[in-house]
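Descriptive structure summary
The residues making up each chain are set out below.
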Amino acid sequence: MDLIRNWAFSVSAVVVFGTLAEAVMPSDEYRKYVHLVLGLLLIITISSPVISLLGNGFDIESFLDAEGARTLMSSEISPESIEKKQKEDVITIYKKTLENNIKTRIETKIPELKDNIKVSVSAADDGSEYGTIEEVDVVLSGDDTERADEIKTIVSAITGIPESGVMVTRE
């Protein structure tokens, strides 16, 4: 009886997850992909008792995060929390893109630094300064710190921040 109850809970969790996923979709562009993924999850969930009877030991928990299902079943999801997560993701992607761009540009202008440089960017993640670059840290491996002023000039030109906001250190 416990097996049937767990199976029914899993099926209902997938259905509720699917309904919530469709409700928070910003546009209809991705709706067909969401339907595809949710349909596959529902098929796996419904067929999991049959597969486990066949002796494969198929476990739906490997496909569904149990904690995520519990969160979806509770009222912890709010538009504010979704918006906060989206802003965090945007800032993370923004920082990584900037870091890669700065690193590539420095390596292009100073080829001998290739593979000897790490870049990290600090950007404002809230308020009216959202996305503004606050500081750039460039870490060099080896004895390349004599080119620090040149690196600061390059980074300043790329980002638009003053050279005082660019830190060049040695690893």
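These notes cover the structure that comes with them. (Residues numbered from 1 in each chain as written. Predicted model: local features only at pLDDT ≥ 70, side-chain atom pairs only at ≥ 80, totals over all residues. Heavy atoms only, no water.)

What about the overall build of the chain?
What counts is decided by this rule: Helix and strand labels come from DSSP, where a helix needs a run of H or I of at least four residues and a strand needs a run of E of at least two; each type is numbered from the N terminus. Only protein chains enter the accessibility calculation, which uses a 1.4 Å probe. A residue is then buried if its area is under 20% of the maximum for its type, exposed if over 50%, and partly exposed in between. Throughout, a contact is declared for two residues whenever any of their heavy atoms are within 4.5 Å. Shrake-Rupley sampling with a 1.4 Å probe provides the accessible areas, and residues are treated as covered by the protein chains on show and by no other component.
Scanning the chain for helices and strands turns up five helices and three strands. By the burial criterion, 27% of the 171 residues in the chain qualify as buried. When contacts within the chain are restricted to residue pairs at least 6 apart in sequence, those whose partners lie at least 24 apart make up 53%. Total accessible area computed for the chain in this model is approximately 11,400 Å², and 57% of it derives from carbon and sulfur atoms.

Structural notes on the side chain of Glu-99
The criterion, for reference: Polar contact is the term for a pair of N or O atoms within 3.5 Å; when the atoms are in protein, one must be able to donate a hydrogen and the other to accept it, and sequence-neighboring residues count only if both atoms are side-chain atoms.
The residue Glu-99 is located in helix α4 (residues 79-109) in this model. With relative accessibility at 13%, the residue Glu-99 sits in the buried group. Of note is the side chain of Glu-99, whose polar atom sits 3.0 Å from the backbone nitrogen of Val-121. In contact with Glu-99, other than residues within four places in its own chain, are Val-119, Ser-120 and Val-121.

Looking at the sheet that holds strand β2 (residues 133-140)
Where we set the bar: Here a strand pair is declared whenever DSSP counts at least two bridges between the two strands. For every element, the axis is a line fit to its C-alpha atoms; helices are fit only across the contacting stretch, and the angle between N-to-C directions ranges from 0 to 180 degrees.
Across the sheet, which stays open at both edges, the three strands sit in the order β1-β2-β3 with mixed pairing between neighbours. Looking along the sheet, the strands with just one partner apiece sit at the ends: β1 (117-123) and β3 (166-170). Neighbour-to-neighbour, the strand axes of the sheet open up by a mean angle of 15°, direction not taken into account. As judged from the five bridges shared by β2 and β3, these two strands associate in the parallel manner. Across the sheet, Asp-137 pairs through a bridge with Met-167, a residue of β3.

Considering the nonpolar core
What counts is decided by this rule: Residue types Ala, Val, Leu, Ile, Met, Phe, Trp, Tyr and Cys, when buried and joined through side-chain atoms within 4.5 Å, form a set referred to as a nonpolar core.
In this structure, Ile-102, Ile-106, Val-136, Val-138, Ile-151 and Val-155 are the most contacted members of the largest nonpolar core, which totals 20 residues. At the level of elements, α4, β1, β2, α5 (148-159) and β3 are the ones that each hand at least two residues to this core. Sequence-distant contacts of Ile-102, defined by excluding residues within four places in its chain, comprise Val-119, Val-121, Val-136, Val-155, Ile-158 and Thr-159. By size, the runner-up hydrophobic cluster in this structure holds six residues, among which are Val-14, Ala-21, Met-25 and Val-34.

Observations concerning the pairing of β1
Because side chains alternate across β1, one face comprises the buried residues Ile-117, Val-119, Val-121 and Ala-123, and the other comprises Lys-118, Ser-120 and Ser-122, none of which is buried. As paired strands, β1 and β2 are joined by seven bridges and run antiparallel to one another. Pairing of Val-121 across the sheet is with Val-136, part of β2.

A few points about a negative patch on the surface
The line we're drawing: Like charges within 9 Å and nonpolar side chains (Val, Leu, Ile, Met, Phe, Trp, Tyr) within 5 Å are joined into patches, using only residues over 30% in relative accessible area that form no salt bridge. Any carboxyl oxygen of Asp or Glu that lies within 4 Å of a side-chain nitrogen of Lys or Arg is treated as forming a salt bridge with it. Only four residue types enter the charge count, namely Lys and Arg as positive and Asp and Glu as negative; His and the chain termini do not. One atom stands in for each charge, and that atom is NZ of Lys, CZ of Arg, CG of Asp or CD of Glu.
Where like charges cluster on the molecular surface, the negative patch consists of Glu-88, Asp-125, Asp-126, Glu-129 and Glu-134. Position of Asp-126 relative to the elements: it lies in the loop between β1 and β2. The exposure class assigned to Asp-126 is exposed, which follows from its relative accessible area of 54%.

Topic: the environment of Glu-171
In this structure, Glu-171 sits in the segment after β3. We classify Glu-171 as exposed; its relative accessible area is 59%. Between the C-alpha atom of Glu-171 and that of Lys-118, which follows or precedes it by 53 residues, the distance is 9.3 Å. Here Glu-171 is in contact with Lys-118, Val-139, Leu-140 and Ser-141, once residues within four sequence places are set aside.

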